[in-house]
Amino acid sequence: MVSADDLLSRESLRRLPPELRPAVDPAELRTRVVHFGLGAFHRAHQAVFTENAAARSGEPWGITAVAPRSASTVRALRDQDCLYSLTERRPDGHRTRVVGSVVGALAMGPDARTVDALLADPEVTVVTLTVTEKGYHRSPSTGGLDTAAGPVAADLAAAADWPLTTVVGRLAAGLAARMRAGAPPINVVSCDNMADNGAALSRVIHDYIRASTWPDRAEILDRLAESVAFPATVVDRIVPATSEADRAVAGAALGVRDALPVTGEPYRQWVLEDSFAAPRPPWELDGALFVPDVAPYQLTKLRLLNGSHSALAYLGAAAGLTTIAETMTADWGERLVRSLCAEVAPTLPADGPDPVAYADDLVVRFRNPAMHHLLRQIGSDGSVKITERWLPGLRELRAHGASTAVLELALAAWAESTRRADAPADPAAEALAACWGTATRPAETVRALLRVLGAADLAGDEALTASVADRLPALRAGRVEI
Ligand SMILES: NC(=O)c1ccc[n+]([C@@H]2O[C@H](COP(=O)([O-])OP(=O)(O)OC[C@H]3O[C@@H](n4cnc5c(N)ncnc54)[C@H](O)[C@@H]3O)[C@@H](O)[C@H]2O)c1
Ligand SMILES: O=P(O)(O)OC[C@@H](O)[C@@H](O)[C@H](O)[C@H](O)CO
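Here the structure is a predicted model, which means the values were calculated and not measured.

**Q** Quick question: what am I supposed to make of unusual backbone geometry here?
**A** Generally, phi is negative for residues other than glycine and the peptide bonds are trans, each holding for most cases. Located in the positive-phi region is Thr132, a residue other than glycine, with phi close to 70°. With respect to the element layout, Thr132 can be found in the loop between β6 (126-129) and α6 (150-157). Under the relative-accessibility criterion, Thr132 is labelled partly exposed at 32%.

Written out as structure tokens, the structure reads:
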């Protein structure tokens, strides 16, 4: 018998009905994957693919997850023997089960030595990351590592035995230790929503090593080139932040307490560049797609799904709404998604998914009434998200003289969000807010905001900034005019 007072653990797991248990016995797995970013998405995506790959292959692929910041998440996960549940939210109901592929949890600072030892361990041949766009500390203008950013500069200046606070620093130091130890090749796989995320991660790691004071940095860089692969990936599953209500649903389904459940839509996809340098879990056994070039999938997903998501987030907030599903019941929601997809479609590679069919699927996924995906969560960190999701397409369209009406509306809604006292969290929040203080004309403010994004070219496009500024009054009045 299990009781609602029990905590999820390997012990209580044995008493759960088989349909709620993981596809693998966690006791049979070993750490062969190290993951940075112990957030909701990893637990609902890569951990599930890895569990199913291990179950179907019989190979013992276990994950040790490293939390860059939250020691309390690590404690809570350890208290549950690293088990947690996933609830799939379908329009017609929930399905909950326990995931068993995570076998270790570490806090990046306090457990730095163990993290380093794992990164140098020959058995570990895969590192994955979900640390949000801001976790890469890229310069908005160059895309390389912003070595002047406070935490990066502090890590570069830190003494050898001082805990590093950036994932880029920790990973660079760990990979360097692996190279020095002569350990076998390894794959480092970014699973964050960025175009060409493999190259982006490779670049910041290389930049970090180049900027370090390590006497052997040139050799380390040479060895890295030979034995570390940074494949690009496209990850897709809508995974909202976990709420108290989600904890209650998980507890009721399991009959035991779970402090760290995750929820997600039924859909999931993982497309990976087939350029691995070392053994990896056979994720294809769970439907992952290995392709020579992920760019067509990547750009389609970022510009259509994530682009629409961000547009809905800021427009929905202007209209006083709270969740994505709510925006899809507004008279402009579906129109916004379809017209944004149609506007951006000409910027997508011809050999990618069909944009019209993709938009059809998005409407269905976004409408899912069982999902409670907060606009505020999606709207956070806009300065690092919309530079990936909107601006490259916007540039291409404007260079060809094509209409950019929908992106202008979206940009206006984002601009308006930065003015509000309750603006979503953003690493550039101060600089964005300051744009409203000094400028006298709205178009001036729009120009200043675009410059904060590192988009001086777009800031210099007077027709664009005027058109964005013209849309502000309606949005401020809560009207979405599309
Ligand atoms: N949630 C989704 O639907 C989804 C879908 C596809 C891709 N992703 C990608 O996964 C990322 C994480 O999403 P999530 O839902 O797990 O979010 P989350 O808030 O649950 O977790 C964020 C993780 O990133 C870490 N992090 C935050 N700021 C950091 C920083 N400055 N440096 C290092 N680490 C930092 C946190 O410690 C945490 O581990 C997203 O930013 C996105 O790139 C998410
Ligand atoms: O995860 P973020 O905060 O970077 O972006 C919010 C959403 O747009 C994103 O998480 C999508 O839900 C996801 O990319 C779907 O695969």
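Read on, since the account is not over.
**Q** For this particular structure, what's the right way to read the sheet that holds strand β10 (residues 262-264)?
**A** Two modes of strand pairing occur in sheets, parallel and antiparallel, and in both the strands are linked by backbone hydrogen bonds. Strands sit in the order β4-β3-β10 across an open sheet of three strands; the sheet is mixed. Of all the strands in the sheet, just β4 (93-99) and β10 have a single pairing partner and so form its edges. Along the sheet, successive strands turn relative to each other by an average axial angle of 25°, direction set aside. Sheet topology places strand β3 (residues 84-90) next to β10; three bridges connect them, and they run parallel. Bridging across to β10, Thr87 finds its partner in Thr263. With respect to the sheet, helix α3 (residues 46-57) is in contact with β3 and β4, its orientation differing from that of β4 by roughly 65°. Across the sheet, helix α10 (residues 244-254) is in contact with β3, β4 and β10; its angle to β3 comes to roughly 105°.

**Q** So what exactly am I meant to see when it comes to the nonpolar core here?
**A** In a soluble, globular protein the nonpolar side chains are often hidden away together inside. Ranked by size, the top nonpolar core spans 60 residues in total, and within it Leu315, Phe366, Trp390, Leu411 and Trp414 carry the most contacts. Ignoring anything within four residues of it in the chain, the contact list for Phe366 reads Ile238, Leu305, Ser308, His309, Leu312, Ile324, Ala325, Met328 and Val337. Among the nonpolar cores identified, the runner-up in size contains 41 residues, and Ala200, Trp214, Ile220 and Phe230 belong to it.

**Q** Where do I start with the sheet that holds strand β11 (residues 269-273) in this structure?
**A** In spatial order, the strands read β9-β11-β12; together these three strands make up an open sheet with mixed pairing. Looking at which strands have only one partner, the edges of the open sheet turn out to be β9 (233-236) and β12 (289-291). In this sheet, neighbouring strand axes are inclined to one another by 15° on average, regardless of whether the strands run parallel or antiparallel. Taken together, the three bridges between β11 and β12 define a ladder with parallel strand orientation. Bridging from a neighbouring strand, Leu272 pairs with Phe290 of β12.

**Q** Help me out: how do you make sense of the UniProt feature "domain: Mannitol dehydrogenase N-terminal" (unreviewed entry) in the chain in this one?
**A** When the UniProt feature table is mapped onto this chain, "domain: Mannitol dehydrogenase N-terminal" (unreviewed entry) is found at residues 32-284. In this annotation, residues 32-284 is assigned 38% helix and 22% strand; the end-to-end C-alpha distance for the span is 17 Å.

**Q** Help me understand the site of ligand 2, please; the structure alone is not making it clear to me.
**A** As a matter of local geometry, ligand 2 sits amid 14 residues, with Asp236, Lys301, Asn306, His309 and Lys385 nearest to it. Within the side chain of Asn193, an N or O atom sits 3.0 Å from an oxygen atom of ligand 2. At 2.7 Å from an oxygen atom of ligand 2 is found a side-chain nitrogen or oxygen belonging to Lys385. Computed on the free molecule, ligand 2 has an accessible area of 390 Å², of which 85% lies beneath the protein chains in the complex. Counting only elements with at least two residues in the shell around ligand 2, the list comes to β9, α11 (295-318) and α16 (382-389). Considering each element in turn, the shell around ligand 2 owes the most residues, four residues, to α11. Considered class by class, the residues forming the shell around ligand 2 number four nonpolar, four polar and six charged. Split by domain, the shell around ligand 2 shows at least three residues from each of two domains, domain 1 (10-291) and domain 2 (295-476).

**Q** Looking at this structure, how should I read the domain arrangement of the chain?
**A** The parts lose accessible area when they come together, and the size of an interface is often stated as this lost area. Taken domain by domain, the chain holds domain 1 (10-291) and domain 2 (295-476). Taking only C-alpha atoms into account, the centre of domain 1 sits 28 Å from that of domain 2. Between domain 1 and domain 2, the residue contacts involve 28 residues of the former and 27 residues of the latter. Roughly 2,100 Å² is buried in total at the junction of domain 1 and domain 2, and carbon and sulfur atoms are behind 58% of that figure. Between domain 1 and domain 2 we count five salt bridges in total. One salt bridge in this structure joins Asp381 and Lys134, with 2.7 Å as the shortest N-O distance. Linking domain 1 with domain 2 are 12 residue pairs in polar contact (both at pLDDT 80 or more), by the criterion used here. Counting only elements with at least two residues in the side of domain 1 that touches domain 2, the list comes to β3, β9 and β12. The dominant element in the side of domain 1 that touches domain 2, judged by the number of residues it contributes, is β9, at four residues. Here the side of domain 1 that touches domain 2 is built from residues that sort into 15 nonpolar, four polar and nine charged.

Rules used in this analysis
Position numbers for residues start from 1 in each chain and track the written sequence from start to end. Numbering of ligands from 1 and lettering of chains from A proceed in the order in which they are written. Local features in this predicted model are restricted to residues of pLDDT 70 or higher, and side-chain atom pairs are both shown and tallied only at a pLDDT of 80 or more, whereas totals for entire chains, interfaces and linings draw on every residue. Side-chain calculation: all heavy atoms of the structure are included, whereas hydrogens and water are not. The secondary structure listing takes helices from DSSP runs of H or I that are at least 4 residues long and strands from runs of E that are at least 2 residues long, numbered from the N terminus. Only protein chains enter the accessibility calculation, which uses a 1.4 Å probe. A residue is then buried if its area is under 20% of the maximum for its type, exposed if over 50%, and partly exposed in between. Paired strands, as defined in this entry, are two strands with at least two bridges between them according to DSSP. A fitted line through C-alpha atoms represents every axis, and for helices the fit uses only the stretch in contact; the resulting angles, taken between N-to-C directions, go from 0 to 180 degrees. Residue contacts are defined here by distance: any two heavy atoms, one from each residue, within 4.5 Å place the two residues in contact. As used here, the term nonpolar core means buried Ala, Val, Leu, Ile, Met, Phe, Trp, Tyr and Cys residues forming a set that is joined through side-chain atoms within 4.5 Å. UniProt positions are given in the numbering used here, feature names are shortened, and annotations may be inferred rather than shown by experiment. Note on terminology: near, applied to a residue and a molecule or strand, indicates that one of the residue's heavy atoms is within 4 Å of it. The definition of a polar contact used here is a pair of N or O atoms within 3.5 Å, where within protein one atom must be able to donate a hydrogen and the other to accept one, and adjacent residues in sequence count solely through side-chain atom pairs. A 1.4 Å probe and the Shrake-Rupley method give the accessible areas. Residues count as covered only by the protein chains that appear here. Under this grouping Gly is polar, as are all residues other than the nonpolar Ala, Val, Leu, Ile, Met, Phe, Trp, Tyr, Cys and Pro and the charged Asp, Glu, Lys and Arg. The domain limits used here are those given by an automatic or database domain assignment. The quantity reported as buried area is the accessible area (1.4 Å probe) lost by two parts once they are put together, taken as the sum for both. Salt bridges, as used here, are contacts in which a Lys or Arg side-chain nitrogen is within 4 Å of a carboxyl oxygen on Asp or Glu.

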